[in-house]
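# Descriptive structure summary
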Amino acid sequence: MEALSFGGVYVSHWKRQDTMNEQAAQVYDFFQQQGFLPADQKSYPIFKKHEGDSRLQERSAVIIASWSTEFNGLYKVIGGYLCSVYFFRDSPVYFMIHRPQDRVEYSLQHIVDRLYELSRSVGLPSLRIFAIEERFLEEYKSIKGYNIQIEYKEKNSAYAYRTKDLLELSGAINYYKRKRIKKFLDNPAVSFCPLTKGNVHLCLDIEKKWCKDQDCGYCESFCGCEKKALEIMVVLFDERIQEGLLCYYEGTSAGYIICEKGSREVAFLYFGKSIIPGLFLYLIYTMFKSYITDAEYMEINDDMGNRGLCQFKSHLSAYELWRKYYCVFTKAE
């Protein structure tokens, strides 16, 4: 952390300079002056308080806290709503609005008006709000006084799988998946251990082994460094909330999976890796066969345009795409 001067005011500066262009860095400083604070693992409790009702893991507290440092996130509570803002090198600045679980005095209109005022004050051409579920779009579209543009990109959609489909893997299309699962299912060299606060750090050992074979520049170009996000996840891991498995092959750690059951409708798959081909599919199967047994859906977020992730997620099982929308607010000047 370093202190930088901006407009005669000294602010605490947490951003990663290499992931923001100059304009975004100036906007970042402006929002810190307006009382926005760095979103990181220390802010996890306040995001948890505002987690609310969402089917999208991008809005879950532990994911926001784990990834926000990579996303250069800032947050502030305005009128009872938790408002966060994120900065990337090659993407426009965008906001997310997190509703409180209790009733609030102010309307969504009030929050949008305030964020728009701040955005225009620092020179942003519009107010961009992201990760809006389709079922909440009408409420945003009914905000008065703006031209509202709805944007959607398929690569931003969350992949959602019915757990019944994941476990049955029926039909000829899933023949090879069943074959791979059976290979591990009948293998005495494969064993599992539930994740606990005491052993969750071992996930980092597996992640590091996986990272050795990756191109860091390519990997980080999509959303930042997953290993750094996992380091925060390990600190935040709570056995009362998250669940997971370590997988051993011939006594050596070879894979892991971290999930959270958000509701009876959906469980989130947050992190997972394997260093043995095909083993991660078996980890998913075991997680939902023996541990998270009553969630209707598993959601594993988007593919960010990464061809490898897209191929894995689109071939894992029959799936639905849960759309995440941008609402872009502008006014005629």
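Below or above, wherever it landed, is the structure these notes cover.

The rules behind the values
Residues numbered from 1 in each chain as written. Predicted model: local features only at pLDDT ≥ 70, side-chain atom pairs only at ≥ 80, totals over all residues. Heavy atoms only, no water. Helix = DSSP H or I, 4+ residues; strand = E, 2+ residues; numbered from the N terminus. Buried < 20%, exposed > 50% of the residue type's maximum accessible area, 1.4 Å probe, protein only. Polar contact = N/O pair within 3.5 Å; in protein donor to acceptor, adjacent residues only side chain to side chain. Contact = heavy atoms within 4.5 Å. Pairing = 2+ DSSP bridges. Axes fitted to C-alpha atoms, helices over the stretch in contact; angles between N-to-C directions. Disulfide = S-S within 2.5 Å. Expected span 1.5 Å × (residues − 1). Salt bridge = Lys/Arg side-chain N within 4 Å of Asp/Glu carboxyl O.

## Some details on the side chain of Ser-274
With respect to the helices and strands, Ser-274 occurs in strand E13 (residues 266-274). The class of Ser-274 is buried, set by a relative accessible area of 15%. In terms of polar contacts, Ser-274 uses its side chain to reach the backbone carbonyl oxygen of Ile-276, at 3.2 Å. Of note is the side chain of Ser-274, whose polar atom sits 3.3 Å from the backbone nitrogen of Phe-280. Ignoring anything within four residues of it in the chain, the contact list for Ser-274 reads Trp-210, Ala-254, Gly-255, Leu-279 and Phe-280.

## Focus on unusual backbone geometry
Within the chain, Leu-169 stands out as a residue other than glycine whose phi angle is a positive 45 degrees. Take Leu-169: it is sitting in the loop between helix H6 (163-168) and helix H7 (175-185). For Leu-169, a relative accessible area of 2% puts it in the buried group. A positive phi angle, near 55 degrees, is found at Glu-250, a position not held by glycine. Checked against the element boundaries, Glu-250 lands in the loop between strand E11 (242-249) and strand E12 (252-261).

## Digging into the sheet that holds E12
As summarised here, the arrangement of the seven strands in space is E10-E11-E12-E13-E14-E9-E15, forming an open sheet in which the pairing is mixed. Strands with a single pairing partner mark the edges of an open sheet, and in this sheet they are strand E10 (190-194) and strand E15 (320-322). When strand polarity is set aside, the average angle formed by the axes of neighbouring strands in this sheet is 30 degrees. As paired strands, strand E9 (residues 158-162) and strand E14 (residues 297-299) are joined by three bridges and run antiparallel to one another. Counted as the bridge partner of Ala-160 is Glu-299 from E14. Its contacts with the sheet place helix H12 (residues 307-316) against E9 and E14, and it is angled at close to 25 degrees to E9.

## Regarding the state of the cysteines
Inspection of the entire model under this criterion finds zero disulfides. Free of any disulfide, Cys-83 has its nearest cysteine sulfur in Cys-327, 15 Å distant. Since its relative accessible area comes to 0%, Cys-83 is described here as buried. For the unlinked cysteine Cys-211, the closest cysteine sulfur is that of Cys-225, found at 6.1 Å.

## So, helix H1 (residues 22-33)
In an α-helix, one turn spans 3.6 residues, which is why side chains three or four residues apart end up on the same side. For H1, which comprises 12 residues, the first-to-last C-alpha distance of 17 Å matches the rise-based estimate of 16 Å (1.5 Å per residue) to within 8%. Of the residues making up H1, those classed as buried are Ala-24, Ala-25, Val-27, Tyr-28, Asp-29, Phe-30, Phe-31 and Gln-32. A positive phi of about 95 degrees marks Gly-35, the residue just after H1.

## Describing the pattern of salt bridges
Applying the stated rule across the entire model yields 19 salt bridges. One salt bridge connects Lys-182 with Asp-186, and the closest N-O pair in it is separated by 2.8 Å. Here Glu-231 ties to Lys-227 by a salt bridge, and the two come within 3.8 Å at their closest N and O atoms. Taken as a pair, Glu-231 and Lys-227 lie in helix H10 (residues 226-236) at a separation of four residues, close to a single helical turn. Residue classification places Glu-231 among the partly exposed positions, given a relative accessible area of 35%. By sharing partners, the salt bridges in this structure join Lys-48, Glu-51 and Glu-260 into a single network.

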